[in-house]
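Each chain, letter by letter, is given below.
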Amino acid sequence: MARKAAPGFELSLGNDILEGLADVGVYDGTHPALTCATSGGKIFVHCPHERPATIESRSHNMKPEESPIKYLNINRQVTALKTGRYERAAKHDTLLIGTQTNLLAFNVEANSDLFYKEVQDGINTMTFGQVGTIESPLAVVGGNCSIQGFDKEGQELFWTVTGDNVTALALMDMHSNGLKELLVGSEDYEIRIFKNEEVITETTETDKVIALHPMQGTRYAYALANGTVGVYDKHTRAWRFKSKHRVSCLSAHDLDSDGVPELVAGWQNGKLEGRHDKTGEAVFKDTFPSSVSALVVSDYRMDGRECLIGCSYDGLIRGYQPFDKLEDDTAEMDEQLQEQVRTLMQQQQNLSQELRVFEDNMEKHKKGEKDTGLIPETTKVTASLKPNRASSCVTLVLKSTPPTTIIKLAVVTAEFLFGSNESKVCFAPDDTASNTMNIDIAPEKDVGTMLHIKAVVGSSMGKLFHVFEMEFRLPKFSMYVCVRDNIKNPPQGIVTVAITERVNRVTMWAEQSFNFTDHNQSNVIFCARFFSLRTGELLLIDVDPEKGGLVIKGNNMEVVGDIIQDLCQTLQIKELEATADFPAELDDFAKVLMKVDGYNAVRIQLTMEMADSSQLVKALVIRAEDARILSEMPLMRQHYSKLHELNSQLIGEYIKRANNHNELLTALREVNAMIQKAARLRMGQAKTRVIAECREAIKSNHIPSLYRIIKLGHMKS
């Protein structure tokens, strides 16, 4: 049972703290300062160690006896905040501030900018540190399907794309080789791990990833929008816990003095709890009066010990020191023992009842009596899949044998399939119950998962039922059905891949990943035709080593990329080149690029017009004030009337600019998504090369090269 965590210190800063926007930085080289984003486009810095006189001289309208808080006006919505040290020899940290369109690196002590960088893809989240083999620490920002890293001069040294809007970033040394991998969470439910610009692993979760945090060794924590929090050890999930409330922030700190940091989660309902990193067992807890906005770890009291600092939305700050592991806690241990005794007593009662029923049945069996209400000892339950074109889904068929038995109830539990509940219950009334039960499944995405099935089986004449538990693997591409008919209009999109794998291994992969079994396939060539139950599109897969290897035809570039990635993962293919042509998607891509050019031209024009109007505003204000001083009231009213009209025009122009910016972001997202889809048609160095060369082609505005890279995988002619 989790123990109540008592804060070592508590203070109220009197400012709202926005979710996830708080960090601790040492700006003067000595004293740690808590930095938080608040409402109104402002950032405040709290440093309790500075002398009041110093604070008074640097703060606006602040008295020495007031709280040591300084404010920084950004005048834009702050979307990301981080502190970091660009140079190891430097003593002070740099404050990094992300807005919807810009990244600011700010020297708090000198009150000056290091750099101010425009980021067209926007900034949703940010982390700081060394990425892979890049020597310089980077401010890594995630935005509209893209990730960028900037050095101390604002130069872009890192760029890559991901499948959707980036919502979480973290850095950790996954392989203990001194090089940090980049953990990326996005809105498409994926957690990707990048080694430099290459994706080395992808993990699909059940909802949008909202937070990532490194733990000890190879473990890292994650949080989802549906209230799930858990820990992965490399690529394997260690545990997870789900709540009806939403996680707002994550951190890691050793509060029970066992030498291993616990996962600390802050929740929107004000709950703060720490869980064991290996088991997920609750270790400590506390409650804030409002949502927990941020969690940071720092030696904030400068006593040589790091403490966990919890920040709530209403500005309440609490610091937690590690508690003594040998502290006498008899009352809590007694409560835990009592709870264990109650649990064991309940289990004893349940087992005793089951034992009595079992003994009665054994006694009747020895006497030769037959109870029509009991199921035979040989009763079995099997599961299989069959396509259901009428309902655009696949049907899980549960069947019990012998036929005299009935399936009364079935509970299917699985990730990714049934929304936030992750389970589906099917009940058969008495008049329709039989030895067969059909359960429709319609996955929204192509993802493989394990179905955990509990079937309640009994006799049609009895009232006693037996629970059968089983597992069934749902193939990743279960929504694709093999068709035997000749295809008159094959898909226009095509990918050709040169592979040296044996045909029987490709057949094995197809049977594992598709709802597919074909005993007529030869060991020389592989040929399969599939129909999508989800979209109605066709998919063709041919393998003939003598004619060039693997050919996949399909109109959806993303689906073909998923198939290639799954094939490479199953057959452990590390490097793969490919040539591709998707006429329909490339035509749409050309239209998107034209939109981007148009939106950029409009943006530049609107910016110039607003700059001219701003100069006119200044002139009118000066003229109006001159007229007021000279007591020329009619002229003053005339100037203010023009100023009012100009202000209305500026508001209208701003609305146009904001709408144009949103449209530009949407178009840029489609551009980054196309680059990601083109990269997923390859593997290894070819995949990384496509991303890097596409970025260079976009920077140089060389559109023909961009098309060539997407089709051939390289820029060379």
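Rules used throughout
Residues numbered from 1 in each chain as written. Predicted model: local features only at pLDDT ≥ 70, side-chain atom pairs only at ≥ 80, totals over all residues. Heavy atoms only, no water. Buried < 20%, exposed > 50% of the residue type's maximum accessible area, 1.4 Å probe, protein only. Helix = DSSP H or I, 4+ residues; strand = E, 2+ residues; numbered from the N terminus. Arc of directions from axis to C-beta. 1 Å grid on protein atoms, 1.4 Å probe; cavity = no way out; pocket = protein on both sides within 12 Å on 5 of 7 lines; lining within 4 Å. Points joined across faces, edges and corners; volume = space filled by probe spheres on them. Nonpolar A, V, L, I, M, F, W, Y, C, P; charged D, E, K, R; others polar. Pairing = 2+ DSSP bridges. Axes fitted to C-alpha atoms, helices over the stretch in contact; angles between N-to-C directions. Contact = heavy atoms within 4.5 Å. Phe/Tyr/Trp six-rings, centres within 6.5 Å; stacked < 30°, edge-to-face > 60°. Lys NZ or Arg CZ within 6 Å of the ring centre and 35° of its normal. Salt bridge = Lys/Arg side-chain N within 4 Å of Asp/Glu carboxyl O. Patch = residues over 30% accessible without salt bridge, like charges linked within 9 Å, V, L, I, M, F, W, Y side chains within 5 Å. Areas by Shrake-Rupley, 256 points an atom, 1.4 Å probe, with all protein chains shown as cover. Parallel < 35°, antiparallel > 145°, perpendicular 65-115°, else oblique. Left-handed = near helix turned anticlockwise from the far one by under 90°.

1. Brief notes about helix α3 (residues 503-513)
Then step 1. When we look at burial in α3, the residues that qualify are V503, V506, T507, W509, A510 and S513. One face of α3 carries all of its buried residues, which in axial projection span an arc of 160 degrees.

2. Remarks on empty space enclosed by the protein
Then step 1. The tally for this structure, following the rule as stated, stands at two cavities of 30 Å³ or more.
Then step 2. In this structure, the second largest cavity encloses a volume near 30 Å³.
Then step 3. Lining the second largest cavity, in full, are Q492, G493, N555, F582, P583, A584 and E585.
Then step 4. Its residues placed into classes, the lining of the second largest cavity shows three nonpolar, three polar and one charged.

3. Details of the sheet that holds strand β12 (residues 138-142)
Then step 1. Taking strand neighbours across the sheet as the criterion, the four strands line up as β11-β12-β13-β14 in an open arrangement whose pairing is antiparallel. Two strands close off the open sheet at either side, each with one partner strand: β11 (125-129) and β14 (156-161). Averaged over neighbouring strand pairs, the angle between their axes works out to 15 degrees when direction is ignored.
Then step 2. Across the sheet, helix α7 (residues 685-699) lies against β13 (146-150) and β14, angled at about 110 degrees from β14, the strand it touches most.

4. Some points on the packing of aromatic side chains
Then step 1. Enumeration according to the criterion identifies twelve aromatic pairs in this entry.
Then step 2. With centroids separated by 6.4 Å and ring planes inclined at 25 degrees, the aromatic side chains of F9 and Y300 adopt a geometry described as stacked. Residue F9 is located in strand β2 (residues 9-12), and its partner Y300 is located in the loop between β27 (292-298) and β28 (307-312); the two are separated by 291 residues in the primary sequence.
Then step 3. Look at F9 and you get buried, because its relative accessible area is 15%.
Then step 4. Overall, the relative accessible area of 4% leaves Y300 in the buried class.
Then step 5. Ring geometry for F44 versus Y71: centroids 6.4 Å apart, planes at 55 degrees, classification tilted. Placement of F44 in strand β5 (residues 42-46) and of Y71 in strand β6 (residues 69-73) is noted, with a sequence separation of 27 residues between them.
Then step 6. On the accessibility criterion, F44 (0% relative accessible area) is buried.
Then step 7. A connected cluster of aromatic rings, assembled from ring pairs, spans F477, Y480, W509, F514 and F530.
Then step 8. The ring of F241 has R275 lying over it, and the distance from NZ or CZ to the ring centre is 3.8 Å.

5. Let's talk about the side chain of S251
Then step 1. Following the sequence through the fold, S251 ends up in strand β23 (residues 247-253).
Then step 2. With residues near it in sequence (within four places) discarded, S251 still touches H213, E262, L263, V264, L295, V297 and L308.

6. Examining the pattern of salt bridges
Then step 1. This structure, assessed with the given rule, holds 27 salt bridges.
Then step 2. Here R695 and E156 are joined by a salt bridge, their closest N and O atoms 2.7 Å apart. Remark: E156 occurs in strand β14 and R695 occurs in helix α7; sequence separation between them is 539 residues.
Then step 3. For R695, a relative accessible area of 16% corresponds to the buried category.
Then step 4. Accessibility expressed as a relative area gives 22% for E156, which makes it partly exposed.
Then step 5. Its salt-bridge partner being E501, residue R505 comes within 2.6 Å of it at the nearest N-O pair.
Then step 6. By relative accessible area, which is 25% here, R505 ends up partly exposed.
Then step 7. Since its relative accessible area comes to 17%, E501 is described here as buried.
Then step 8. Three or more residues are tied together by salt bridges with common partners; here these are D188, R192, E202, D562 and R680.

7. Side note on a nonpolar patch on the surface
Then step 1. Taken together, the side chains of L355, F358 and M362 make up a nonpolar region of the molecular surface, amounting to roughly 290 Å² of accessible area.
Then step 2. The residue F358 is located in helix α2 (residues 330-366) in this model.

8. Some words on the sheet that holds strand β34 (residues 436-441)
Then step 1. The strand order β30-β31-β34 describes an open sheet built from three strands, whose pairing is antiparallel. Since the sheet does not close on itself, it has two edges, and those belong to β30 (380-388) and β34, each with one partner. Averaged over all adjacent pairs, the angle separating strand axes in this sheet is 20 degrees, with direction ignored.

9. Quick notes on the side chain of T379
Then step 1. Looking at the element boundaries, T379 is found in the loop between α2 and β30.
Then step 2. Once you skip the residues sitting within four places of it in the chain, T379 turns out to touch T401, P402, T405, V457 and F468.

10. Here's the deal with the packing of α7 against helix α8 (residues 703-712)
Then step 1. Where α7 contacts α8, the two axes come as close as 8 Å, and the packing angle between them is 165 degrees. In this view, α7 runs roughly antiparallel relative to α8, as classed from their interaxial angle. The hand of the α7/α8 crossing is left-handed. Contacts from V690, E693, C694, A697 and I698 in α7 reach S705, L706 and I709 in α8.
Then step 2. In terms of residue class, the contact of α7 with α8 is made up of six nonpolar, one polar and one charged.

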